[in-house]
Amino acid sequence: MQVQDIMTSKPTCCGPEDSIQDVAKAMTENSIGAIPVIDDDGRPVGIVTDRDICCRAVAEGKGADTKVSHVMSEDVVTTSPDEDLDSCCNRMEKTQIRRAVVTDSEGKCCGMVAQADIARRADGSETAELVQEISKPSGRSGCC
């Protein structure tokens, strides 16, 4: 199975200058918890999650007009549509992330693959291993 078999195509994206309020609205309207942050050429420069907005903005008293670039995670893990799903899962496990941005041959965002996508489509042992590895405690403490 390849990433393209389970990914969400044409995900909702935002720019680094968008406000966290606009991004939170987009998350609510689309029932999603993460949005790739792309540059003017469509290449990922970050990812913002509902947790980023909560922990890096609301908890710190930042306003609704705060730019996404101030709360996003810049260390984006990317994959290609034709990557083997096992390989993608291994990287997600190793980096302990729940979502990867899918990029095309030009490096532009063309999809997202999430732990939930894998849980719905992959076999049980692959899903269990991914959840266990991602959920291991990391060196970070607290919210973020």
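Residues numbered from 1 in each chain as written. Predicted model: local features only at pLDDT ≥ 70, side-chain atom pairs only at ≥ 80, totals over all residues. Heavy atoms only, no water.

**A look at the pattern of salt bridges**
Phase 1 of the analysis: A complete count under the given rule lists 7 salt bridges for this structure.
Phase 2 of the analysis: Across the pair Glu106 and Lys108 runs a salt bridge whose closest N-O atoms are separated by 3.6 Å.
Phase 3 of the analysis: A salt bridge links Arg120 to Asp117; the nearest nitrogen and oxygen atoms lie 2.8 Å apart. Of this pair, Arg120 and Asp117 are both found in helix 4 (residues 115–121), 3 residues apart, which corresponds to roughly one turn of the helix.
Phase 4 of the analysis: On the accessibility criterion, Asp117 (7% relative accessible area) is buried. (Salt bridge = Lys/Arg side-chain N within 4 Å of Asp/Glu carboxyl O. Helix = DSSP H or I, 4+ residues; strand = E, 2+ residues; numbered from the N terminus. Buried < 20%, exposed > 50% of the residue type's maximum accessible area, 1.4 Å probe, protein only.)

**Comments concerning unusual backbone geometry**
Phase 1 of the analysis: Located in the positive-phi region is Lys10, a residue other than glycine, with phi close to 50°.
Phase 2 of the analysis: Topologically, Lys10 is positioned in the loop between strand 1 (8–9) and helix 1 (20–30).

**Some remarks on the pairing of strand 6 (residues 109–114)**
Phase 1 of the analysis: Judged by how many residues are buried, strand 6 sits mostly within the fold: 6 of 6 residues are covered.
Phase 2 of the analysis: For strand 1 and strand 6, the ladder comprises 2 bridges, and the chain directions are antiparallel. Counterpart to Ser9 in the pairing with strand 6 is Gly111.
Phase 3 of the analysis: Taken together, the 5 bridges between strand 5 (residues 99–103) and strand 6 define a ladder with antiparallel strand orientation. Following the sheet pairing, Thr103 is matched in strand 6 by Cys109.
Phase 4 of the analysis: Here strand 5 folds back onto strand 6, and the loop between the two strands holds 5 residues, one of which, Gly107, carries a positive phi near 85°. (Pairing = 2+ DSSP bridges.)

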